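# Structural description and commentary
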Amino acid sequence: MEIIIQPDPAAAAEIAARLIARLIREKPGAVLGLATGGTPLRLYCELVKMKLDWRKITTFNLDEYAGLPSQHPQSYHSFMREKFFRHINIAGNNTHIPNGMAKDIPAICERYEKKIRAAGGIDLQLLGIGTDGHIGFNEPSSSLASRTRIKTLTPRTRRDNARFFGGEKNVPHHAVTMGIGTILEARHCLLLAFGRKKARAIAAAAEGPVTARNPASVLQMHPKVTVCLDAAAASCLEMKKYYRWVYENKPDWQNI
Ligand code: PGA
């Protein structure tokens, strides 16, 4: 796990954008796993500014609320359309987001997994982290081998997301999410976290035991993970001095 600590979210998001831009230039038909929420917004703005060629790129989003129509302003379909897809030249057919309105949720989950496999697997999976350590909507106690399925959100996640819904009572209880096993199959995972609120979850994920109590800790088992943090999100890391030194002294050939 490579942990990159930057002074502020803008600098951290810029590094993440450069990583994605490099992949797209090297592999114009790359498959990206995308995320929603407050965290990736700056990254999406950076990527839009870079004017990359998205025509051959395929995307799979991590998750979608169950029972929220795709036109709902807080659905992740709306989020992706408004915040990202309508600003780039991606082909609509190449973008995939789980259908949270499906009648047969297990069937669409299985199809989602098949589509990811048929696309050749995910080259780079973007991730945020919940204050409870969730990745996607894999809440604590999720199986570390789980596949795409429906999950029940924890009270904490519903509280954290109440700001988007004008109150906790409006936040859905369920979501369809890629599983942890699905996420682990991506060839590269890129996790972003900003702000003091994420500091404990990040410390537990990077330096704690691998445990379903903090689903992001499973990334310790993945061969290629980059974590881009601002100083506040890094503040509880015991080894932050070392991570900073490593990044500042990277050999040229390793530079992003
Ligand atoms: P946030 O959510 O980016 O809105 O903080 C992250 C997450 O829940 O994965």
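Further up the page is the structure itself.
Residues numbered from 1 in each chain as written. Predicted model: local features only at pLDDT ≥ 70, side-chain atom pairs only at ≥ 80, totals over all residues. Heavy atoms only, no water.

Looking now at empty space enclosed by the protein. Taken as a whole and assessed by the stated rule, the structure comprises 1 cavity of 30 Å³ or more. Taken as a whole, the largest cavity holds about 50 Å³ of empty space. Lining the largest cavity are Met1, Leu191, Ile202, Ala205, Ala206, Ala216, Leu219 and Val227. Of all the elements, helix α8 (residues 199–207) adds the most residues to the lining of the largest cavity, at 3 residues. (1 Å grid on protein atoms, 1.4 Å probe; cavity = no way out; pocket = protein on both sides within 12 Å on 5 of 7 lines; lining within 4 Å. Points joined across faces, edges and corners; volume = space filled by probe spheres on them. Helix = DSSP H or I, 4+ residues; strand = E, 2+ residues; numbered from the N terminus.)

In this section: the side chain of Ser146. Among the secondary structure elements, Ser146 is positioned in the loop between β6 (124–127) and β7 (149–152). Taking the relative accessible area as the measure of exposure, Ser146 reaches 5% and is therefore buried. Polar side-chain contacts of Ser146 include one of 3.0 Å to the backbone nitrogen of Ile180. (Buried < 20%, exposed > 50% of the residue type's maximum accessible area, 1.4 Å probe, protein only. Polar contact = N/O pair within 3.5 Å; in protein donor to acceptor, adjacent residues only side chain to side chain.)

Here we come to the site of the ligand. Close to the ligand lie Gly37, Gly38, Thr39, Gly128, Ile129, Gly130, His134, Arg163 and Lys198. Thr39 places a polar side-chain atom, nitrogen or oxygen, 2.4 Å from an oxygen atom of the ligand. Here an oxygen atom of the ligand sits 2.6 Å away from a polar atom, N or O, in the side chain of His134. Contact with the protein chains hides 85% of the accessible area of the ligand, taken as 280 Å² for the molecule alone. Structurally, the ligand is housed in the second largest pocket. Of the residues belonging to the shell around the ligand, the class tally is 1 nonpolar, 6 polar and 2 charged. (Near = heavy atom within 4 Å. Areas by Shrake-Rupley, 256 points an atom, 1.4 Å probe, with all protein chains shown as cover. Sits in = over half its atoms within 2 Å of the grid points. Nonpolar A, V, L, I, M, F, W, Y, C, P; charged D, E, K, R; others polar.)

Along the chain, the position of Glu139 falls in the loop between β6 and β7. Buried charge without a salt bridge: Glu139, with Lys151 as the nearest opposite-charge side chain at an N-O distance of 7.9 Å. Leaving out residues up to four positions away in the same chain, Glu139 has contacts with Asp132, His134, Lys151, Thr152, Leu153, Thr154, Thr157 and Pro215. (Lys, Arg positive; Asp, Glu negative; His and termini not counted. Salt bridge = Lys/Arg side-chain N within 4 Å of Asp/Glu carboxyl O. Contact = heavy atoms within 4.5 Å.)

The alternating pattern of strand β2 (residues 31–34) places Val31 and Gly33 on one face and Leu32 and Leu34 on the opposite face, and all of these are buried. Taken together, the 4 bridges between β2 and strand β3 (residues 58–61) define a ladder with parallel strand orientation. Residue pairing in the sheet places Val31 in a bridge with Thr58 of β3. Handedness of the crossover joining β2 and β3 through helix α2 (residues 41–49): right-handed. Strand direction decides the pairing type here: β2 and β6, joined by 2 bridges, are parallel. Each residue of the ladder has a partner; that of Gly33, found in β6, is Gln125. (Pairing = 2+ DSSP bridges. Right-handed = clockwise from strand over helix to strand, strands pointing away.)

It is worth spelling out the layout of surface pockets at this point. Looking at the largest pocket, its volume works out to about 550 Å³. The calculated volume of the second largest pocket comes to roughly 440 Å³. The wall of the second largest pocket is formed by 26 residues, among which Thr36, Gly37, Thr39, Ile129 and Lys198 lie closest to the centre. For the lining of the second largest pocket, the secondary-structure elements that each account for two or more residues are α5 (155–160) and α6 (162–165). Residue composition of the lining of the second largest pocket, grouped by class: 10 nonpolar, 11 polar and 5 charged.

Another point: a nonpolar patch on the surface. On the surface, a nonpolar cluster with roughly 440 Å² of combined accessible area is contributed by Met239, Tyr242, Trp245 and Val246. Among the secondary structure elements, Tyr242 is positioned in helix α9 (residues 240–248). (Patch = residues over 30% accessible without salt bridge, like charges linked within 9 Å, V, L, I, M, F, W, Y side chains within 5 Å.)

Strand order in the open sheet formed by 7 strands is β1-β10-β9-β6-β2-β3-β5, with parallel pairing between adjacent strands. Either end of the sheet is taken by a strand with one partner, and the two such strands are β1 (2–6) and β5 (95–96). Sheet topology note: the strand β9 (residues 189–193)/strand β10 (residues 225–230) ladder contains 5 bridges and is parallel. Within β10, the residue paired with Ala193 across the bridge is Leu229. Against the sheet, helix α1 (residues 9–26) engages β1, β2, β6, β9 and β10, with an angle of about 150° to β10. (Axes fitted to C-alpha atoms, helices over the stretch in contact; angles between N-to-C directions.)

By themselves, these are just geometric observations and shouldn't be taken as functional.
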